[in-house]
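# An overview of the molecular structure
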Amino acid sequence: QGQLAESGGGLVQAGGSLRLACAASGLTFSRYTMGWFRRAPGKEREFVATIRWKTGGTDYADSVKGRFTISRDNTKNTVYLQMNSLKPEDTAVYYCAADLYGDNRYDQPVSYERWGRGIQVTVSS
């Protein structure tokens, strides 16, 4: 069974940066479209960013566009989320997710078969 494990979260001041990593094991990583989602207290899980398995194409939620960058290293079975210019409203539990041969509806949680446990990111004002 494939597993995903997030790392790199923590507490940062507004305007600061963090880089999240998600290491995959037990699956053929290069065949998966990878996504990052987040859930803030009292809110639904929302899409943050995705990077597609075949083309490496990326997409972002409007709320993070220009501040966050998703990337992947297939040799390390790892996807990253570089988060710059962080705002208090970015505070949430961040989850990585994997979608085998994913090619559409990448912003929908239901498209992803595997999920990490999540990691807390807190941005103080």
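Residues numbered from 1 in each chain as written. Predicted model: local features only at pLDDT ≥ 70, side-chain atom pairs only at ≥ 80, totals over all residues. Heavy atoms only, no water.

## A short note on the overall build of the chain
Rules: Here a helix means four or more residues in a row that DSSP labels H or I, a strand means two or more in a row labelled E, and each is numbered from the N terminus. We compute the radius of gyration from the C-alpha atoms alone; for a globule the expected value is 2.2 Å times N to the 0.38, where N is the number of residues. Type-normalised accessible area, obtained with a 1.4 Å probe on protein chains alone, sets the label of each residue: buried when under 20%, exposed when over 50%, and partly exposed for intermediate values. Only the protein chains shown count as covering a residue, and every accessible area follows the Shrake-Rupley method with a 1.4 Å probe. When charges are counted, neither His nor the chain ends are considered; positive counts come from Lys and Arg and negative counts from Asp and Glu. To locate a charge, take atom NZ for lysine, CZ for arginine, CG for aspartate or CD for glutamate.
Regarding its fold elements, the chain presents zero helices and 11 strands. Secondary structure elements of the chain, listed N to C terminal, follow the sequence β-β-β-β-β-β-β-β-β-β-β. Taking 2.2 N^0.38 as the reference for a compact globule, 125 residues should give roughly 14 Å; the C-alpha atoms of the chain span a radius of gyration of 13 Å, in line with that estimate. For the C-alpha atoms alone, the extent of the chain along its principal axes is close to 40 × 25 × 25 Å. A buried classification covers 45% of the 125 residues belonging to the chain. For the chain, the accessible area works out to roughly 6,600 Å², and carbon and sulfur atoms hold 44% of it. For the chain, the separation between the mean place of its 16 positive charges and that of its 12 negative charges on side chains is 4 Å.

## What to know about the side chain of S111
Defined as follows: By the criterion applied in these results, polar contacts are pairs of N or O atoms within 3.5 Å in which, for protein atoms, one can donate a hydrogen and the other can accept it, and in which residues neighboring in sequence qualify only through two side-chain atoms. Contacts between residues were defined by any pair of non-hydrogen atoms, one from each residue, lying within 4.5 Å.
Structurally, the position occupied by S111 is in the loop between β9 (92–100) and β10 (114–115). From its side chain, S111 meets the backbone oxygen of R105 in a polar contact 2.8 Å long. Not counting residues within four places of it along the chain, the set of residues in contact with S111 comprises D99, N104 and R105.

## Quick look at the packing of aromatic side chains
Going by this rule: Pairing of aromatic side chains here covers Phe, Tyr and the six-membered ring of Trp, requires ring centres within 6.5 Å, and sorts the geometry by plane angle: under 30 degrees stacked, over 60 edge-to-face, intermediate tilted.
Overall, the coordinates contain seven aromatic pairs when judged by the stated rule. When the centroid spacing of 5.1 Å and the interplanar angle of 70° are considered together, the rings of W53 and Y101 count as edge-to-face. Here W53, found in the loop between β5 (46–51) and β6 (58–60), pairs with Y101, found in the loop between β9 and β10; they are 48 residues apart in sequence, far enough to count as distant. For W53, a relative accessible area of 25% translates into the label partly exposed. Residue Y101 is classed as partly exposed on the basis of its relative accessible area, which comes to 43%.

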